[in-house]
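Coordinate inspection notes
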Amino acid sequence: FGSMYGSFLNVVTYRLPREESVVSPRSRCPRCARPIAWYDNLPMLSWLLLRGRGRCCGKPISARYPLVEAACGALAAGLWVRWAAGWPLFAGAGALACGALLAVALIDWDTFLIPDELSLGLALAGLLCSPFNPYFDAGQTAAWWVSPWWSARGALFGFGLGWVVAAGGEALFKKEALGGGDVKLLAGVGAWTGATGAFDCKMIGS
């Protein structure tokens, strides 16, 4: 399922920056734009069987496609092994979040932009998934609002930290120090991992 999700993310990373729908039309060859049959769209397997070339035109297809599918599958498997025993909902939701972060990395690599649909979507998803997020001691307290509060606080801290770095760096160096997409992305990270996670992400990323 993780690899299937990775196949969808390949569509997202190609179409979202171009402001195209990610659900319609169906998948098509990146070389000749002809529709791809379902049996030529199996994660990793089809690319290997076709030896990295489109069946319709015979032109080479980037190895990035199966690599993204494999990476997403590995991330999903790792999260399942780590969390499924006690937190299966978090394992599944976390896999979706990791896939979104992978898409962010690829789009940022290609365009130097981070779409709001992904960064703000991560923040909202983190808040909605907070009741079963073990990082917020979900289920350990009778107060239903504790986990959402920790998630919201993490998102606000991440956004604030990014804003301070962006504004302070621009004032000090007279040029952009951190893009607006990165600021919103830190909010998304904070919504999933709390204020400490957002801080760690910023420090390691720097």
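The structure this text deals with has already been given above.
Let us look at the structure shown here. For every chain, the first residue of the written sequence is number 1, and numbering continues from 1 onward in sequence order. Since the coordinates come from a predicted model, pLDDT governs what is reported: local features require at least 70, and pairs of side-chain atoms require 80 or more to be given and counted, while whole-chain, interface and lining totals use all residues. In computing side-chain properties, one takes all heavy atoms of the structure into account and sets aside hydrogens as well as water.

**What about the pattern of salt bridges?**
The line we're drawing: For salt bridges, the criterion is a side-chain nitrogen of Lys or Arg within 4 Å of an Asp or Glu carboxyl oxygen. The buried label applies to any residue whose accessible area, calculated with a 1.4 Å probe on protein chains only, is under 20% of its type's maximum; exposed applies above 50%, and partly exposed to all values in between. Helix and strand labels come from DSSP, where a helix needs a run of H or I of at least four residues and a strand needs a run of E of at least two; each type is numbered from the N terminus.
Applying the stated criterion to the full structure yields 4 salt bridges. Between glutamate 20 and arginine 28 there is a salt bridge whose closest N-O contact spans 3.2 Å. According to the relative accessible area criterion, glutamate 20 is partly exposed, its value standing at 31%. The partner of aspartate 110 in a salt bridge is arginine 64, with the nearest N and O atoms 2.9 Å apart. You can see aspartate 110 sitting in helix H4 (residues 88-111) and its partner arginine 64 sitting in helix H3 (residues 64-83), a full 46 residues away along the chain.

**Topic: the layout of surface pockets**
Worth spelling out the cut-off: Space inside and on the surface of the protein is sampled on a 1 Å grid over the protein atoms alone, with a cavity defined as a set of points where a 1.4 Å probe fits but cannot get out and a pocket as an open set with protein on both sides within 12 Å along at least 5 of 7 lines; lining residues have an atom within 4 Å of a point. Grid points are joined across faces, edges and corners, and a volume is the space filled by probe spheres set on the points. Only Asp, Glu, Lys and Arg are considered charged in this grouping, and only Ala, Val, Leu, Ile, Met, Phe, Trp, Tyr, Cys and Pro are considered nonpolar; every other residue, Gly among them, is considered polar.
In this structure, the largest pocket spans a volume of roughly 590 Å³. As for the largest pocket, its lining consists of 30 residues, and the residues nearest its centre are Arg28, Pro30, Ile36, Asn41 and Tyr65. Going through the elements one at a time, helix H1 (2-15), helix H2 (45-49) and H3 are the ones with two or more residues in the lining of the largest pocket. It is H1 that provides the largest number of residues to the lining of the largest pocket, a total of 5 residues. A class-by-class count of the residues in the lining of the largest pocket yields 17 nonpolar, 6 polar and 7 charged. Taken as a whole, the second largest pocket holds about 350 Å³ of empty space. Residue lining of the second largest pocket: 14 residues in total, with Ile114, Asp182, Leu185, Cys201 and Gly205 positioned closest to the centre. Every element with two or more residues in the lining of the second largest pocket is listed here: H4 and helix H7 (180-205). No other element matches the 7 residues that H7 contributes to the lining of the second largest pocket. Taken together, the residues of the lining of the second largest pocket sort by class into 9 nonpolar, 2 polar and 3 charged.

**Quick notes on the packing of H3 against H4**
The condition that has to hold: Axis lines are fitted to C-alpha atoms, over the contacting stretch for helices. Their N-to-C directions set the angle, which ranges from 0 to 180 degrees. Just so you know how the angles are binned, under 35 degrees is roughly parallel, over 145 roughly antiparallel, 65 to 115 roughly perpendicular, and the rest oblique. Two helices that cross are described as forming a left-handed crossing if the nearer one is turned anticlockwise from the farther one by less than a right angle, and a right-handed crossing if clockwise. Whether two residues are in contact is decided by their heavy atoms: any pair within 4.5 Å suffices.
Two elements in contact, H3 and H4, have axes whose closest approach is 9 Å; the angle formed by their N-to-C orientations is 150°. With respect to their mutual orientation, H3 and H4 come out roughly antiparallel. Relative to H4, the crossing made by H3 is right-handed. In contact with Arg64, Val68, Ala71, Cys72, Leu75, Ala76, Leu79, Trp80 and Trp83 of H3, H4 contributes Pro88, Phe90, Ala91, Gly94, Ala95, Cys98, Gly99, Leu102, Leu106 and Asp110.

**Describing H3**
Stated formally: What a helix should span is 1.5 Å times the count of its residues minus one. Here, the arc refers to the directions that run from the helix axis to the C-beta atoms.
The terminal C-alpha atoms of H3 lie 28 Å apart, and with 20 residues this matches the ideal 28 Å at 1.5 Å per residue to within 8%. Residues of H3 that are buried include every one of Pro66, Val68, Glu69, Cys72, Gly73, Ala76, Leu79 and Trp83, and no others. Each buried residue of H3 sits inside an arc of 160° when the element is viewed along its axis, so together they form one side. More than 90 degrees from the buried face of H3, the exposed residues found are Leu67, Val81 and Arg82.

**Some thoughts on the environment of arginine 55**
The line we're drawing: Here a polar contact means two N or O atoms within 3.5 Å. Within protein one must be a hydrogen donor candidate and the other an acceptor candidate, and residues neighboring in sequence count only if both atoms are side-chain atoms.
Position of arginine 55 relative to the elements: it lies in the loop between H2 and H3. Considered as a pair, arginine 55 and alanine 37 are 18 residues apart in the sequence and their alpha carbons are 9.5 Å apart. Residues contacting arginine 55, with those up to four places away along its chain left out, are Tyr39, Asp40 and Leu50. Looking at arginine 55, its side chain comes within polar contact range of the side chain of aspartate 40, at 2.7 Å.

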